[in-house]
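Take a look at the letters that make up each chain.
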Amino acid sequence: MDTNQTLPEQKQQQAEGARAKAEHGRQDAEEDRVTAESARIEAERSREFAEVARTAVEEARASAEAARHATIDAVRATADTLQATLDSMEVVEDMRRTLADIRQANKLH
């Protein structure tokens, strides 16, 4: 402290210094509050993005399950078609044998 200053001037300078420190502290607190609010907003956005991603994953799973069922249905339909073809071929073979038997019987008469 300057020894040329009177006690009231020294007290006034100390008070101004304390006010300046207090103001600086308030500014720091306000900056911290703004930073915390920004972090809260970003966290909320992240939660929203995570929810959208979760929903997309659930939809993708449902689509995959539907595709799996469609594939199973297609395989079953193919198997049914093949079985019907086989059944038709057996009928044709039976008809061929029957026709051959009839021809053989006609040759005997």
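Before reading further, recall that the structure is shown in the block above.
Residues numbered from 1 in each chain as written. Predicted model: local features only at pLDDT ≥ 70, side-chain atom pairs only at ≥ 80, totals over all residues. Heavy atoms only, no water.

> Can you lay out the overall build of the protein chain for me, pointing to particular residues and giving the numbers?
A tally of regular secondary structure across the protein chain gives one helix and zero strands. Against the compact-globule benchmark of 13 Å for 109 residues, the protein chain has a radius of gyration of 46 Å, which places it well outside the compact range. The C-alpha extent of the protein chain, read off along each of the three principal axes, is 155 × 15 × 5 Å. The 109 residues of the protein chain split such that 1% are buried. As presented, the protein chain carries roughly 9600 Å² of accessible surface, and 59% of it is formed by carbon and sulfur atoms. (Helix = DSSP H or I, 4+ residues; strand = E, 2+ residues; numbered from the N terminus. Rg over C-alpha atoms; globule rule 2.2 N^0.38 Å. Buried < 20%, exposed > 50% of the residue type's maximum accessible area, 1.4 Å probe, protein only. Areas by Shrake-Rupley, 256 points an atom, 1.4 Å probe, with all protein chains shown as cover.)

> Any details on the environment of E90? Residues and values, ideally.
Within the secondary structure layout, E90 lies in helix 1 (residues 7–108). A relative accessible area of 43% places E90 in the partly exposed class. A sequence separation of 56 residues divides E90 from V34, and the C-alpha atoms of the two residues are 83 Å apart.

> So, the pattern of salt bridges: which residues are in play, and what are the values?
A full pass over the atoms with the stated rule returns 11 salt bridges. E44 is paired through a salt bridge with R47; the nearest N and O atoms lie 3.0 Å apart. Of this pair, E44 and R47 both sit in helix 1, three residues apart, roughly one helical turn. Overall, E44 belongs to the partly exposed group, its relative accessible area being 31%. (Salt bridge = Lys/Arg side-chain N within 4 Å of Asp/Glu carboxyl O.)

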